[in-house]
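# A look at the structure
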Amino acid sequence: MPILVGYGTAVGVLVDLDHFLIARLKTGRWSAVRFCLANPTAAVADQQRIFDAGDVGLLSRLASHLLIVGVVVPLLAVSSVPLAILTGTVLYVHILSDVLWDRWRLEQQADETATADELVRALR
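Cut-off values and rules
- Residues numbered from 1 in each chain as written.
- Predicted model: local features only at pLDDT ≥ 70, side-chain atom pairs only at ≥ 80, totals over all residues.
- Heavy atoms only, no water.
- Helix = DSSP H or I, 4+ residues; strand = E, 2+ residues; numbered from the N terminus.
- Contact = heavy atoms within 4.5 Å.
- Areas by Shrake-Rupley, 256 points an atom, 1.4 Å probe, with all protein chains shown as cover.
- Lys, Arg positive; Asp, Glu negative; His and termini not counted.
- Charge placed at Lys NZ, Arg CZ, Asp CG, Glu CD.
- Expected span 1.5 Å × (residues − 1).
- Buried < 20%, exposed > 50% of the residue type's maximum accessible area, 1.4 Å probe, protein only.
- Arc of directions from axis to C-beta.
- Phe/Tyr/Trp six-rings, centres within 6.5 Å; stacked < 30°, edge-to-face > 60°.
- Core = buried A, V, L, I, M, F, W, Y, C linked by side-chain atoms within 4.5 Å.
- Axes fitted to C-alpha atoms, helices over the stretch in contact; angles between N-to-C directions.
- Parallel < 35°, antiparallel > 145°, perpendicular 65-115°, else oblique.
- Nonpolar A, V, L, I, M, F, W, Y, C, P; charged D, E, K, R; others polar.
- Left-handed = near helix turned anticlockwise from the far one by under 90°.

We now examine the overall build of the protein chain. Counting its secondary structure elements, the protein chain contains seven helices and zero strands. Along the chain direction, N to C, the helices and strands of the protein chain fall in the order α-α-α-α-α-α-α. Along the three orthogonal principal directions, the C-alpha set of the protein chain runs to about 50 × 30 × 25 Å. Partitioning the intrachain contacts of the protein chain with sequence separation of at least 6 by distance along the chain shows that 68% fall at a separation of at least 24. In the form shown here, the protein chain has an accessible surface area of approximately 8,300 Å², with 67% of it arising from carbon and sulfur atoms. Here the protein chain carries 10 positive and 12 negative side-chain charges, and the mean point of each set is 7 Å from the other.

To continue, consider helix α1 (residues 2–14). Three- or four-residue spacings in an α-helix give side chains the same orientation, since the helix completes a turn every 3.6 residues. Over its 13 residues, α1 runs 18 Å from end to end, which matches the ideal 18 Å to within 8%, given 1.5 Å per residue. If you check which residues of α1 are buried, you get Gly-8, Val-11 and Gly-12. Looking down the long axis of α1, one finds its buried residues gathered within 95° of arc, a one-sided arrangement. Turned more than 90 degrees off the buried face of α1, the exposed positions are Pro-2, Ile-3, Val-13 and Leu-14. Here the buried face of α1 lies against α6 (81–112).

In this section: the packing of aromatic side chains. Here the structure, examined in full by the defined rule, presents two aromatic pairs. With a centroid separation of 5.2 Å and 50° between ring planes, the pair formed by Phe-20 and Phe-51 is classed as tilted. Residue Phe-20 is located in helix α2 (residues 18–27), and its partner Phe-51 is located in the loop between α4 (42–45) and α5 (58–79); the two are separated by 31 residues in the primary sequence.

Attention now moves to the nonpolar core. Membership of the largest hydrophobic core is limited to 10 residues, which are Phe-20, Ile-22, Ala-23, Ala-32, Phe-35, Cys-36, Ala-42, Ile-50, Phe-51 and Val-56. Mapped onto this core, the elements with two or more residues apiece are α2 and α3 (31–38). With near-sequence residues (within four places) excluded, Phe-20 lies in contact with Trp-30, Ala-32, Val-33, Cys-36, Ile-50 and Phe-51.

Our next topic: the packing of α5 against α6. At a minimum axis separation of 8 Å, α5 and α6 run at an interaxial angle of 170°. Our classification of the angle between α5 and α6 gives roughly antiparallel. Of the residues in the contact of α5 with α6, the class split is 15 nonpolar, five polar and four charged.

With that out of the way, let us pick up the packing of α2 against α5. Here α2 crosses α5 at 125°, and the two axes come no closer than 10 Å. Considering the angle they form, α2 stands oblique to α5. Pair α2 / α5 crosses with right-handed handedness. Taking contact as the criterion, the partners of Asp-18, His-19, Ile-22 and Lys-26 in α2 are, on α5, Ser-60, Arg-61, Ser-64, His-65 and Ile-68. Of the residues in the contact of α2 with α5, the class split is two nonpolar, four polar and three charged.

Here is the structure:
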């Protein structure tokens, strides 16, 4: 059981590594990776410092997570259906949590933001 919990935790955390690739594709730089390597505690304690506004974007991140689920879970099912089910469940909960958090965060930003451009940048 501890191995399954460890595996599920690792899957739930490692899926977010796609944020760095998205930021790289959008900005053309690996500055977020460099920042985390220079400031490893920020990855846990102060994640807001890692990416600049618009570097990742809500829709890009969610689409990337869904792409990962759509590829990883079927590939795992070929070798282990129980592992695919566990992985799919963990990633489903992760994505659902992201959607709920993003919905709340967008409402907060809409109340505080002066321009529609800032909201659009957060979405992309």
